[in-house]
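One letter stands for each residue in the lines below.
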Amino acid sequence: MAAPAYHDERPGKEISDDDLIARTIKGDESAFELLYNRYYKRVYRFTFNRLRNREDTEETVQEVFISVFSSIGSFRAESAFSSWVL
């Protein structure tokens, strides 16, 4: 099976965070994987800039995404998804 794409079937049309969040809430793990891939580097940089330790950063980033996955249904879109994640 092919890896999920960041874009929908229309060329140049990226799937929005809102669509991915809605799909994740409905149980679509591939949608969460796309969110993870989209935000991993940003979360890693944010965390590493505070911890300054690779191992601690990797562990914390993993915990962040576990928390995001388990509580994504509580995201209210009152701010950007990236703000909620960070």
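Further up the page is the structure itself.
Calculation rules
- Residues numbered from 1 in each chain as written.
- Predicted model: local features only at pLDDT ≥ 70, side-chain atom pairs only at ≥ 80, totals over all residues.
- Heavy atoms only, no water.
- Helix = DSSP H or I, 4+ residues; strand = E, 2+ residues; numbered from the N terminus.
- Buried < 20%, exposed > 50% of the residue type's maximum accessible area, 1.4 Å probe, protein only.
- Contact = heavy atoms within 4.5 Å.
- Expected span 1.5 Å × (residues − 1).
- Arc of directions from axis to C-beta.
- Polar contact = N/O pair within 3.5 Å; in protein donor to acceptor, adjacent residues only side chain to side chain.
- Core = buried A, V, L, I, M, F, W, Y, C linked by side-chain atoms within 4.5 Å.

Notes on the environment of Lys-26
Here comes step 1: Within the secondary structure, Lys-26 sits in the loop between helix 1 (17-25) and helix 2 (29-51).
Here comes step 2: Residue class for Lys-26 comes out exposed when judged on its relative accessible area of 75%.
Here comes step 3: Remark: the alpha-carbon pair of Lys-26 and Gly-73, spanning 47 residues in sequence, is separated by 9.4 Å.

Concerning the side chain of Ser-82
Here comes step 1: Examined against the element boundaries, Ser-82 turns out to sit in helix 4 (residues 81-85).
Here comes step 2: Once residues within four sequence positions are removed from consideration, Ser-82 is found in contact with Tyr-39 and Arg-42.

Observations concerning helix 3 (residues 54-71)
Here comes step 1: Counted at 1.5 Å a residue, the expected span for helix 3 with its 18 residues is 26 Å, and the 25 Å between its end C-alpha atoms agrees.
Here comes step 2: Thr-57, Val-61, Phe-65 and Val-68 are the residues of helix 3 that are buried. Each buried residue of helix 3 sits inside an arc of 70° when the element is viewed along its axis, so together they form one side. The exposed residues of helix 3 that point more than 90 degrees off its buried face are Gln-62, Ile-66 and Ser-70.
Here comes step 3: The N-terminus of helix 3 is capped by Asn-53, whose side-chain oxygen sits 3.1 Å from the backbone nitrogen of Glu-55.

Looking at the nonpolar core
Here comes step 1: Judged by nonpolar contacts, the single largest core of 17 residues is most densely connected at Leu-20, Ile-21, Leu-35, Tyr-39, Val-43, Phe-65 and Phe-81.
Here comes step 2: Broken down by secondary-structure element, the contributors of at least two residues to this core are helix 1, helix 2, helix 3 and helix 4.
Here comes step 3: Per element, the largest residue contribution to this core is seven residues, and it comes from helix 2.
Here comes step 4: Setting aside residues up to four positions removed in sequence, Ile-21 forms contacts with Leu-35, Ile-72, Phe-75 and Phe-81.

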